[in-house]
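# Coordinate inspection notes
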Protein chains: 4
Amino acid sequence: MSQKIRVAMLGQQFMGRAHSNAFRQVGPFCSPPLLPELHTVAGRDGASLTEFAARFGWANTTTDWRTAVVDPEVDLVDVATPNFLHREPSVAALEAGKHVLCEKPLAGSFEDARAMRDAAAAAAGRTFVWFNYRRCPAVATAWKLAREGRLGRIYHVRATYLQNWGGPQTPMSWRFDRELAGSGAHGDLNAHLIDLARFLVGEPITEIHGATSRRWVESRLDGATGERRPTSVDDALLFTAGFAGGAVGSFEASRLANPHQNANSIELNGELGSVRFDFEDMNLLHFCDASDGAREGGWRRIMCTHAGEHPYVEHWWPDAHLIGYEHTFTNMVSDVLRSLVGEEPVVPLCDFADAFETQRVLEAALRAVDERRAVMLDEVS
Amino acid sequence: MSQKIRVAMLGQQFMGRAHSNAFRQVGPFCSPPLLPELHTVAGRDGASLTEFAARFGWANTTTDWRTAVVDPEVDLVDVATPNFLHREPSVAALEAGKHVLCEKPLAGSFEDARAMRDAAAAAAGRTFVWFNYRRCPAVATAWKLAREGRLGRIYHVRATYLQNWGGPQTPMSWRFDRELAGSGAHGDLNAHLIDLARFLVGEPITEIHGATSRRWVESRLDGATGERRPTSVDDALLFTAGFAGGAVGSFEASRLANPHQNANSIELNGELGSVRFDFEDMNLLHFCDASDGAREGGWRRIMCTHAGEHPYVEHWWPDAHLIGYEHTFTNMVSDVLRSLVGEEPVVPLCDFADAFETQRVLEAALRAVDERRAVMLDEVS
Amino acid sequence: MSQKIRVAMLGQQFMGRAHSNAFRQVGPFCSPPLLPELHTVAGRDGASLTEFAARFGWANTTTDWRTAVVDPEVDLVDVATPNFLHREPSVAALEAGKHVLCEKPLAGSFEDARAMRDAAAAAAGRTFVWFNYRRCPAVATAWKLAREGRLGRIYHVRATYLQNWGGPQTPMSWRFDRELAGSGAHGDLNAHLIDLARFLVGEPITEIHGATSRRWVESRLDGATGERRPTSVDDALLFTAGFAGGAVGSFEASRLANPHQNANSIELNGELGSVRFDFEDMNLLHFCDASDGAREGGWRRIMCTHAGEHPYVEHWWPDAHLIGYEHTFTNMVSDVLRSLVGEEPVVPLCDFADAFETQRVLEAALRAVDERRAVMLDEVS
Amino acid sequence: MSQKIRVAMLGQQFMGRAHSNAFRQVGPFCSPPLLPELHTVAGRDGASLTEFAARFGWANTTTDWRTAVVDPEVDLVDVATPNFLHREPSVAALEAGKHVLCEKPLAGSFEDARAMRDAAAAAAGRTFVWFNYRRCPAVATAWKLAREGRLGRIYHVRATYLQNWGGPQTPMSWRFDRELAGSGAHGDLNAHLIDLARFLVGEPITEIHGATSRRWVESRLDGATGERRPTSVDDALLFTAGFAGGAVGSFEASRLANPHQNANSIELNGELGSVRFDFEDMNLLHFCDASDGAREGGWRRIMCTHAGEHPYVEHWWPDAHLIGYEHTFTNMVSDVLRSLVGEEPVVPLCDFADAFETQRVLEAALRAVDERRAVMLDEVS
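- As annotated in an unreviewed UniProt entry, chain A carries the name Glucose--fructose oxidoreductase and is attributed to Engelhardtia mirabilis.

Listed below in structure tokens is the structure:
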């Protein structure tokens, strides 16, 4: 591996744009030890792919991802495809000795996820999963506070990821098809919440106490055919979970919770302190230090934009000159590159083994929905 | 019954103060059709009772509630005692032909609640339960919006009642003793949430999908003996529930969720609109009208203090001259008195039959905790 | 003076109701050293006065305030009349040896205010002015923090009192007539801001740097005659002011600042700390302790409802069981009664001499508007 | 001019980074009609300049800005230097026929600003000033609402730009030296507020009613010499201003208003509606439509992130996937490029003539401070 690291990316939709930007921006802003070279982008639609590649600076394009993932000129494969198409390219790339960056959730099915974990364990390449929200400076600050013992014993985790784009007018897409997506709001949104909760609490989830899901919109317009097609995923899924250390967590994902648009929020209440984060105010962390006492205590509204005090901020702008969604991806690429040369990431990265633990929780919740009972995580492996 | 209505109240603690104030204030502020006469207050501690009666204007005191509830000079009995002592005086008063006002939850045990419901059904007197939060002007406004169809089909109910006073330093009291309280945060706080949710959604809860409870503090100092005694109630209890119309609700009660102090909050997301209320900002209602559209829509922060537009406000002060906790009790007494002379209350009152429905949900959640499975409400009657 | 203190109140409108309630509630809740006896209420409209007196428990009524203020059975005279009618009854009562409680501002005209200050200086009775907002627990907490040096040197004071009831549809009243009110938003709202600023900063205002006023609504409907009458007061008045210690303050009062309804807000930024208060969230104080540092610092949202920690709360309810507008008056009566028997008030009370200092600032601002220049306070005496 | 537009940029500090990023990002995200070619960057420190150029992709570097601004290969000159160095390069570039983009404020001195306005009027090239905040989607939405008449007649403008980085520990820099900066918080921060106010209200400011400034920190450490040097600019400057249509505005800029870090906020209250914006929550606009009425009205919290509804968002990410500070610059470059080929910008751009009007207000406020009187804008030309 030279000073550069050559990247092949699979996918050119929403995540393709977000990842391309991160690969472009990490150099000017984050002084990484390796510079990504945008070698090849793969996608199904060759016409739009050419335009996409020109726009973001990808040197080559291909409509055959299989060649890209084994290309000897490629060091790292970024899998930004729909959930059902995570396993095959990831495994192929690992077998070809590449490092693999994969979108979350690890996979659409539990079986796929297990296979990916096993492939990673057997491979020489490194693996990473795009749980980008760990790298909001506010979330990373919360993680540091928790690790420093500032929260004490955790009692409560309260996590909701609420969106409103899933109304009846929204047309059919792979995201509403269980075959392609695995699940709906659950895999898309609860995956983030479970990762954040596990990351911040620092303990495994050991039990799903109960779960339920809803599908209120039964069919959607297929833009291609002009006809309505049945949907087959959840619009919302809620569950409560127990952590190894005794904390209790509530989790809720929905695509029909207007006016919330991207309200990825999590709160921890502990014996010594509490933290609260909501992506819709992503530059802020709310922290309560119980030692402030009743007279002077309460939520502290912390603007996590101070270089040197809040993680990742030294790459960006002065105090309260806010960063946005895309910066979480750039911060992650920065940590991935540091990690690949043996440096410590600012906060821990998620690999396939770690993401598999999140997938076990997703799976346990699905079983709790189906079987209408509590499910121990030991039952899911 | 004359122009006056003669009241006997049982209890002189926190609720005794709140109720006394309401009986005093309803006359000057609410122009009620009946004027409460503070006839008798009953309590165990005769010494402090005399001081209490003088302070709030109770004409008589007794340490024997049994005489008070059958006193022919008394028209209405107000039961403001701990949960285990709701049933006996309520039933006795009903049998003596009195109207009964009882603190929430209806009872500490499901058996007591059932007996009270049955006694009420057989009695000539009217019954009322102090679910005071229905009478925050903001909550009553939300109820009106829901009844007018402004929310459309309800998808989500998200209800949490979070307090922080239950830490290890808090001494033992009846509230931590299962024999006396029935349950901990569950009966105390979830009772309010369930009543609010049923009230606002306007549909029965039909299923508990799952539930869990926690007791983190195992023993507390007994102020009388100076020794630690075991606690026997939940510090927190969470459950998810399904409503008859398809909505899903999450409920969480905790006494260990610092820095929340009295965060009785509920949010409904519907097809046409959403509402959000938090008692810690009790004069506000947040409302989203989906027809405002994406460009101009979002939570509207409504100060529910406009006489003529927001219920109950005409009794109080000008715009944004805020009211507080105690006013919800006075508003309720106002509606009770109106109801007793055949007028309509501003928003529906809760009687024993209605409160029993809330108690069924409390009970179903307890079973779901114990049996680690989903419980249909039909199983609990 | 006996254990009771006999009160005569002049006025039966908005302030008459607020004061009556305070006199009624101070006994049950605040354990005062003297109990107010509601001796006489005076008002112009005898018919409504009888009903008012019955409602709030005033023993006697009169339509001749002159007899009430000299009645030998009266100990304390409460002047709750419009601004132009503060001076005459206050001076008469002081000359008759009574204590006087007067509504704010001290007077409608500077000349009246000067005469009242002089009468108070020459009298045996005590004087008090109803600057009730000092007795929000949150404001009193801010005062304590400031006095303890937690803010350090003050740089900024930012005070706005914004309402929205003064639109063109609002009918004529004494509040829009310069002869009767003295000024509009200025005397009504800036009076509160100036008092709060002087109280919290603890330094005199020495200069008005500039000021301007607006009258956007030129005439209003006279409900009695059905015709429009010209208005003669400001709808809004803004000024900047310098404090003796170098702080700079901005002040803004408006009755046409929709959607603000009673947004009496003030913020102080100091070298060591900042505080922020808004009456529309009156139970909250926002405090920033600069020593929290950039990583963990920011506004702390303090719920000022903890008995023993936050002033006045021990009289009322548990944590976050909010109090409202009327409690600020009851808290004030509690301090007035304590002060009359030689006890210290919880936070300083405002007498006529102190209120005159606020009136000087009001006057200086009016001159700055008229003369379009900076005005030193020394010019106004 | 070809499909590309060749840019020379002067300056490599904070603004140099922000502008470079905007020139880089406009291509991939905004589909502009011209593509910026990063031709030359000029700076005083050749060593760091090379590294800077490599990082952001500038093809050439020079330590002599005079050659860069007349280079025949350059089409557009971007002046990102300190305030005292705006005039000379801008005028030289205009005389050489270039288009000029200049940082705000237009100049450090009123004389410089006048000269720049005159040079622009005489030149063939176009001019633009980096008032980037106009291009927050929330601000642009507010502008559209105002232009559509949704606010009605404007009564109030309330604008504060509060920062906290100017404490005594902050070392000396050109920003604290009047010779180099012209003024302190005033030119730096009030310049933005004045531009935003003029932009949103759509009327000229006609009078400064009063103004005052403060310098609390008298000297600062010179990092180069290790000695303290006197400061010569304001730490804070406040003024009130009248608009042609009768609205009144208050303006406040401070670098010593902890805990505010970049609180560039503005509120307009009008007869039909109000808007409120704070850069610390830059993706949000608060809007009150008076026609919502008292029952249902209040601030609407609008997340201005919906493509097709909120300006500029179509270039970026889905709903509530927030953008940050840097995007305002990219949005501005996008509009500049459109404007250069004759297309309409999304919202109006600011040229030298427009920025000179803002500079007149800055100058009038300085005179009001010095002369302690109201100043008509007509006096300043």
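### Comments concerning the sheet that holds strand β4 (residues 76-79) of chain D
Residues and elements named next belong to chain D.
- Taken in spatial order, the 6 strands line up as β3-β2-β1-β4-β5-β6 in an open sheet, and their pairing is parallel. Of all the strands in the sheet, just β3 (60-62) and β6 (127-129) have a single pairing partner and so form its edges. The average angle at which neighbouring strand axes cross in this sheet is 25°, direction not considered.
- Relative to strand β5 (residues 99-102), β4 is paired through 4 bridges, and the arrangement is parallel. Paired with Val79 across the strands is Cys102, a residue of β5.
- Together, β1 (4-10), β4, β5 and β6 form the strand contacts of helix α4 (residues 87-95), whose direction differs from that of β5 by roughly 165°.

### Side note on the interface of chain B and chain D
- Opposite the 18 residues of chain B that make contact, chain D presents 18 residues.
- Summing both partners gives a buried area of about 1,700 Å² for chain B against chain D, and 44% of it is carried by carbon and sulfur.
- Looking only at chain B, the three residues that lose the most surface to chain D are Arg295, Glu296 and Arg300 of chain B, adding up to 43% of its buried area.
- Linking chain B to chain D there are 8 salt bridges.
- Arg150 of chain D is the salt-bridge partner of Glu296 of chain B, the closest N and O atoms lying 2.7 Å from each other.
- Applying the counting criterion to the chain B and chain D interface returns 10 residue pairs in polar contact (both at pLDDT 80 or more).
- When contributions to the side of chain B that touches chain D are tallied by element, the ones reaching two or more residues are α6 (137-147), α9 (293-296) and β16 (299-303) of chain B.
- For the side of chain B that touches chain D, the residue count by class is 5 nonpolar, 4 polar and 9 charged.
- By the bridge criterion, 3 bridges tie β16 of chain B to strand β16 (residues 299-303) of chain D in an arrangement that is antiparallel. When the bridges of β16 of chain D are listed, Trp299 of chain B appears paired with Arg301 of chain D.

### Regarding the interface of chain A and chain B
- The interface of chain A with chain B comprises 42 residues on the first partner and 42 residues on the second.
- Each partner contributes to the roughly 3,300 Å² buried at the junction of chain A and chain B, and carbon and sulfur atoms together form 54% of this total.
- Three residues, Tyr155, Trp216 and Arg372 of chain A, lead the burial of chain A against chain B; their summed loss comes to 19% of the area buried on that side.
- Our enumeration of links across chain A and chain B arrives at 4 salt bridges.
- At the junction of chain A and chain B, the tally comes to 24 residue pairs in polar contact (both at pLDDT 80 or more).

### Focus on the UniProt feature "domain: Gfo/Idh/MocA-like oxidoreductase N-terminal" (unreviewed entry) in chain A
- Per the UniProt record, "domain: Gfo/Idh/MocA-like oxidoreductase N-terminal" (unreviewed entry) is annotated on residues 5-127 of chain A.
- What you have in residues 5-127 of chain A is 46% helix and 21% strand, and the ends, taken at the C-alpha atoms, are 15 Å apart.

### Structural notes on the pairing of strand β7 (residues 154-162) of chain D
Residues and elements named next belong to chain D.
- Most of β7 sits out of view: 9 of its 9 residues are buried.
- With 8 bridges connecting them, β7 and strand β13 (residues 263-270) associate as antiparallel partners. By the bridge assignment, Thr160 is partnered in β13 with Ser265.
- Taken together, the 7 bridges between β7 and strand β12 (residues 248-254) define a ladder with parallel strand orientation. By the bridge assignment, Val157 is partnered in β12 with Gly249.

### Some words on the pattern of salt bridges
- If you walk through the whole model with that rule in mind, you get 124 salt bridges over all chains.
- Between Arg372 of chain B and Glu207 of chain A there is a salt bridge, and its shortest N-O distance comes to 2.4 Å. Here Glu207 of chain A lies in strand β8 (residues 205-214) and Arg372 of chain B lies in the loop between α11 (352-371) and β17 (375-376), a pairing that spans two chains.
- The partly exposed category is assigned to Arg372 of chain B, whose relative accessible area is 35%.

### Observations regarding the relation of the copies chain B and chain D
- Rotating chain B by 180° and translating it 0.0 Å along the rotation axis places it on chain D, where the RMSD comes to 0.0 Å. The superposition operator between the copies reduces to a two-fold rotation axis. Proximity to the rotation axis, assessed at the C-alpha, singles out Arg300 of chain B in chain B; its C-alpha lies 2.1 Å from the axis.
- Most of the interface of chain B is mirrored in chain D, where 100% of its interface residues again form contacts.

Reading guide: rules and limits
- Residues numbered from 1 in each chain as written.
- Chains lettered and ligands numbered in written order.
- Predicted model: local features only at pLDDT ≥ 70, side-chain atom pairs only at ≥ 80, totals over all residues.
- Heavy atoms only, no water.
- Pairing = 2+ DSSP bridges.
- Helix = DSSP H or I, 4+ residues; strand = E, 2+ residues; numbered from the N terminus.
- Axes fitted to C-alpha atoms, helices over the stretch in contact; angles between N-to-C directions.
- Contact = heavy atoms within 4.5 Å.
- Buried area = accessible area lost by both parts, 1.4 Å probe.
- Salt bridge = Lys/Arg side-chain N within 4 Å of Asp/Glu carboxyl O.
- Polar contact = N/O pair within 3.5 Å; in protein donor to acceptor, adjacent residues only side chain to side chain.
- Nonpolar A, V, L, I, M, F, W, Y, C, P; charged D, E, K, R; others polar.
- UniProt positions renumbered as here; feature names shortened; annotations may be inferred.
- Buried < 20%, exposed > 50% of the residue type's maximum accessible area, 1.4 Å probe, protein only.
- Least-squares fit on C-alpha atoms with pLDDT ≥ 70 in both.

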